[in-house]
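# Geometric and topological summary
Each chain is listed here by its residues.
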Amino acid sequence: MSRSLRRGSIAALAALAIASLSSCAAGNTPETLQIKPDNVSATLGTNVLLNNIVVVTGDESSGEHTGPANVTVNISNTGSEVLELQAVTVAGGAPAAFTDATGAPLTSISVPAGGAVLLGGPGNPTAKVASTTVTVGGYVATSFTFKNHEKLDAQAQVSPNKDLYKGFGPTAPAAAPTKAATPAAGATTPAAGAHAPAAGTTSSAPAVPAAH
């Protein structure tokens, strides 16, 4: 083989190697390999993705939690129709109560076509569970029911209201206002303008002369 042919073959092999490396680099990104983040996610059909499904409790760092909790999840809808979330349950309990960003009650959560909604956290709609028993740091069965009776079940992570999820947990109920003390039954208050006797003086009725 002539030197020119050898040089041409080497150049061709080098170009092929570079092309192969380039294609690998382009195809090894998380998007192309569909590497999912380290949290709970689930899909419904081909257009609905529920990502980062978490049940947020109070401020405890571990152990069993019994009481209110909130559900946070990012719902993505790549379809051409509005998606309607109608119910969320945790551990098979009663459905969560939906509220909007201002705290007003909602009957459902709407996810626009080609859009996404973050459920939970400041400034977002919220799914509030009145009471549930879960293990902080563990997982719990959670169900999402959509319009047309479509249902998705997932094992949600249980996290406390700390760090990344600070502000996502249930809000403690406001303390009841204290009532002002009221006078006891039968007690009277002094009339306006009345003056109490000066200290050290006594008050008595005028003496009546004895009859003779």
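Below or above, wherever it landed, is the structure these notes cover. Just so it is clear, the model here is predicted, and its values are computed rather than measured.

### Looking at the overall build of the chain
When helices and strands are counted, the chain shows two helices and eleven strands. The linear arrangement of helices and strands in the chain, starting from the amino end, is α-α-β-β-β-β-β-β-β-β-β-β-β. By residue count, 29% of the 212 residues in the chain fall in the buried class. Carbon and sulfur atoms make up 59% of the accessible area of the chain, which totals about 14100 Å².

### Things to note about the side chain of Ser108
Its place among the elements puts Ser108 in the loop between β6 (105-106) and β7 (109-111). A polar side-chain atom of Ser108 sits 3.4 Å from a polar atom in the side chain of Glu84.

### Section: the environment of Thr132
Within the secondary structure, Thr132 is located in strand β9 (residues 126-136). Sequence separation of Thr132 and Gly67 is 65 residues, and the distance between their C-alpha atoms is 5.4 Å. Leaving out residues up to four positions away in the same chain, Thr132 has contacts with His65, Thr66, Gly67, Ala69, Val90 and Ala91.

### Some points on the nonpolar core
If you look at the biggest cluster of nonpolar residues, it comprises 31 residues, and the most contacted ones within it are Leu50, Ile53, Val55, Val71, Ile75, Leu85 and Phe144. Once residues lying within four places of it in the same chain are set aside, the contact partners of Leu85 are Ile75, Phe98, Ser108, Ile109, Leu119, Phe144, Thr145 and Phe146.

### Focus on the environment of Ser80
Inspection of the secondary structure assignment puts Ser80 in the loop between β3 (63-77) and β4 (83-90). Judged by its relative accessible area of 71%, Ser80 is exposed. Between the C-alpha atoms of Ser80 and Asn47, which are 33 residues apart in sequence, the distance is 8.9 Å.

Conventions and cut-offs
Residues numbered from 1 in each chain as written. Predicted model: local features only at pLDDT ≥ 70, side-chain atom pairs only at ≥ 80, totals over all residues. Heavy atoms only, no water. Helix = DSSP H or I, 4+ residues; strand = E, 2+ residues; numbered from the N terminus. Buried < 20%, exposed > 50% of the residue type's maximum accessible area, 1.4 Å probe, protein only. Areas by Shrake-Rupley, 256 points an atom, 1.4 Å probe, with all protein chains shown as cover. Polar contact = N/O pair within 3.5 Å; in protein donor to acceptor, adjacent residues only side chain to side chain. Contact = heavy atoms within 4.5 Å. Core = buried A, V, L, I, M, F, W, Y, C linked by side-chain atoms within 4.5 Å.

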